[in-house]
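# Structural description and commentary
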Amino acid sequence: CQFLKCRLSSLACVDVDECQTGNHGCGEGQICHNLPGSYRCDCQTGYLHDSLRQVCSDVNECWSYPGRLCAQTCENSPGSYQCSCTAGFSLAFDGKNCEDLNECDSSPCGQECANIYGSYQCYCRQGFYLKEDGHTCEDIDECSQSIGNLCVFQCVNVPGSYQCACPPNGYTMSTTGHTCRDIDECSTGVHNCSTEQTCSNVQGGYRCLSFSCPPYYRKVSDTRCERSGCPANSVDCQTSPLRITYYQLSFQTNIVIPAQIFRIGPSPAYRGDNIAISITHGNEENYFSTRKLNSFTGAVYLQRQVRQPRDFLIDVEMKLLRQGAFTTFLARIYVFITSNTL
Ligand SMILES: [Ca+2]
Ligand SMILES: [Ca+2]
Ligand SMILES: [Ca+2]
């Protein structure tokens, strides 16, 4: 028998399977192949036989076939290699190609997400802005960004938007949503004036006014009283105003001072008429003054700034000298100073 590998007990030469009996010289990781009368040591897939060192050494496929095995990144491994993809891509089913990852599927954005090739972009709905982290959306505070421009009275920031507000009472929001309109409580009927009173609308509220006539006067119109029937011996009554007329004026606190707010004079006026006017009541704090413009016209001025909303009732007396006789007229003027914040 050749190579001394035949069994002597047999007449024929029988091959010994060295791979089975373990009587072979293949190294670890090598594959033993039995041959008639011999055997062969093969390397496993991914390894090549290094004839110099008599070992199987790993094949670096990434170097051997650059750019052909993997679409993006090739990583050698013992006996094999793996493809991998850069951030924003995922390895395709074929293990070679890279596909865009739809990052939006995992909801990485605070609000809206747009998938793009190799990446994604977060964006925010109207009224929000994207923070520096690129993901979170923060409400825009419109009120602080444009101070005083958006709303006439008050700006209220809300998530994604803003709203204007009006004072809780006396005003209603205009249809534009930015300005406040005075409610006319007198015409809408939401006032509590009695039937004897006259409702007077003012900015932000209303007043219940009494245009009553004192004794010995009779009411000749809604706002006018005329003296009638003084007792025979009452000088006081006979020198009291012939006529009392009520007026109502409304101004805002930011009215430019001095302001002529009222004129008074005989109607009709005659040549030779001469008047004197004075405020007989309601001007204790000197907010008002009078001036004679000519012999038959007097004017009332607001001469001091009224800083807070306030109501006044001033009595303006006009003495008319006509044909040698004095006659007195009284104008009772309600002056409403209302807020200028609207
Ligand atoms: Ca993507
Ligand atoms: Ca907002
Ligand atoms: Ca009102």
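These figures come from a predicted structure and were not determined experimentally.

An order of β19-β20-β21-β27-β26-β23 is seen for the 6 strands of this open sheet, with the pairing classed as mixed. Only two strands of the sheet have a single partner each, and these edge strands are β19 (217-221) and β23 (274-281). The average angle at which neighbouring strand axes cross in this sheet is 30°, direction not considered. Here strand β21 (residues 243-252) pairs with strand β27 (residues 325-338) via 10 bridges, running parallel.

To continue, consider the coordination of the calcium ion (ligand 1). D100 (OD), D100 (OD), L101 (O), E103 (OE), N115 (OD1), I116 (O) and S119 (O) make up the full set of protein donors to the calcium ion (ligand 1), lying at 2.3 to 3.0 Å. Here the donor residues for the calcium ion (ligand 1) map to a single chain with the spacing D-L-x1-E-x11-N-I-x2-S. A residue pair is termed long-range when its members are at least 10 positions apart, and E103 in the loop between β8 (98-100) and β9 (112-116) and I116 in strand β9 qualify at 13 residues.

We now examine the sheet that holds strand β25 (residues 297-302). The strand order across the open sheet built from 3 strands is β22-β25-β24, with neighbouring strands paired in antiparallel fashion. Since the sheet does not close on itself, it has two edges, and those belong to β22 (259-264) and β24 (288-294), each with one partner. Across the sheet, the mean angle separating the axes of adjacent strands is 30° when strand polarity is ignored. As defined by bridge partners, β22 adjoins β25 across 5 bridges and the pair is classed as antiparallel. Along β25, the bridge assignment pairs R263 with A299.

To continue, consider the coordination of the calcium ion (ligand 3). Binding of the calcium ion (ligand 3) to the protein goes through D182 (OD), D182 (OD), I183 (O), E185 (OE), N201 (OD1), V202 (O) and G205 (O), at separations of 2.2 to 2.7 Å. Here the donor residues for the calcium ion (ligand 3) map to a single chain with the spacing D-I-x1-E-x15-N-V-x2-G. By relative accessible area, I183 is classed as partly exposed at 26%.

One finds I261, F288 and V335 to be the most contacted residues of the largest nonpolar core, which totals 25 residues. The contact partners of V335, leaving out residues within four places of it in the chain, are L249, F251, I261, F288, R310, D311, F312 and I314. Grouped together as the second largest cluster of nonpolar side chains are 10 residues, F211, Y217, Y246 and F336 included.

Below, the discussion takes up the pairing of β21. Note that strand β20 (residues 224-227) and β21 share 3 bridges and pair antiparallel. Across the sheet, the residue bridging to E226 is R243, located in β21.

Looking now at the state of the cysteines. Under the criterion given, the structure shown has 16 disulfides. Note that C109 is cross-linked by a disulfide to C122, the S-S spacing being 1.9 Å. Here the disulfide of C109 and C122 is left-handed, its torsion about the S-S bond being about -75°. Here C109 is found in the loop between β8 and β9, whereas its partner C122 is found in strand β10 (residues 119-123), with 13 residues between them in sequence. Between the sulfur of C193 and that of C208 lies a disulfide, 2.0 Å long from S to S. Here the S-S torsion is close to -85°, and the disulfide linking C193 with C208 is therefore left-handed. Placement of C193 in the loop between α4 (185-188) and β17 (198-202) and of C208 in strand β18 (residues 205-209) is noted, with a sequence separation of 15 residues between them. The class for C193 is buried, based on a relative accessible area of 13%. Taking relative accessible area as the criterion, C208 reaches 28% and is therefore assigned partly exposed.

Secondary-structure assignment places S289 in strand β24. Engagement of the side chain of S289 in a polar contact is seen with the side chain of Q303, the distance being 3.5 Å. Among residues more than four places away in sequence, those in contact with S289 are I279, A299, V300, Y301 and Q303.

Within the fold, R40 resides in strand β2 (residues 38-43). What R40 contacts, discounting residues up to four positions off in sequence, is C26, I31, C32, H33 and L35. Of the polar contacts made by the side chain of R40, one reaches the side chain of D42; its length is 2.7 Å.

This brings us to the side chain of T338. Among the secondary structure elements, T338 is positioned in strand β27. With residues near it in sequence (within four places) discarded, T338 still touches V202, Q203, S250, F251, Q252, T253 and P309.

Overall, the coordinates contain 8 aromatic pairs when judged by the stated rule. For the pair F89 and Y117, a centre-to-centre distance of 5.1 Å together with 75° between the ring planes defines the contact as edge-to-face. Within this pair, whereas F89 is found in strand β7 (residues 89-91), its partner Y117 is found in the loop between β9 and β10, the two being separated by 28 residues in sequence. On the basis of relative accessibility, which here comes to 16%, the residue F89 falls in the buried class. Classification of Y117 by relative accessible area gives exposed; the value is 69%. Measuring from ring centre to ring centre gives 6.5 Å for Y246 and Y334, while their planes differ by 20°; the resulting arrangement is stacked. Here Y334 lies in strand β27 and Y246 lies in strand β21, a separation of 88 residues in the sequence.

Conventions used here
Residues numbered from 1 in each chain as written. Chains lettered and ligands numbered in written order. Predicted model: local features only at pLDDT ≥ 70, side-chain atom pairs only at ≥ 80, totals over all residues. Heavy atoms only, no water. Pairing = 2+ DSSP bridges. Helix = DSSP H or I, 4+ residues; strand = E, 2+ residues; numbered from the N terminus. Axes fitted to C-alpha atoms, helices over the stretch in contact; angles between N-to-C directions. Donors = N, O, S within 2.8 Å, 3.2 Å for Na, K, Ca; no water. Buried < 20%, exposed > 50% of the residue type's maximum accessible area, 1.4 Å probe, protein only. Core = buried A, V, L, I, M, F, W, Y, C linked by side-chain atoms within 4.5 Å. Contact = heavy atoms within 4.5 Å. Disulfide = S-S within 2.5 Å. Polar contact = N/O pair within 3.5 Å; in protein donor to acceptor, adjacent residues only side chain to side chain. Phe/Tyr/Trp six-rings, centres within 6.5 Å; stacked < 30°, edge-to-face > 60°.

The values are spatial; any link to function lies outside them.
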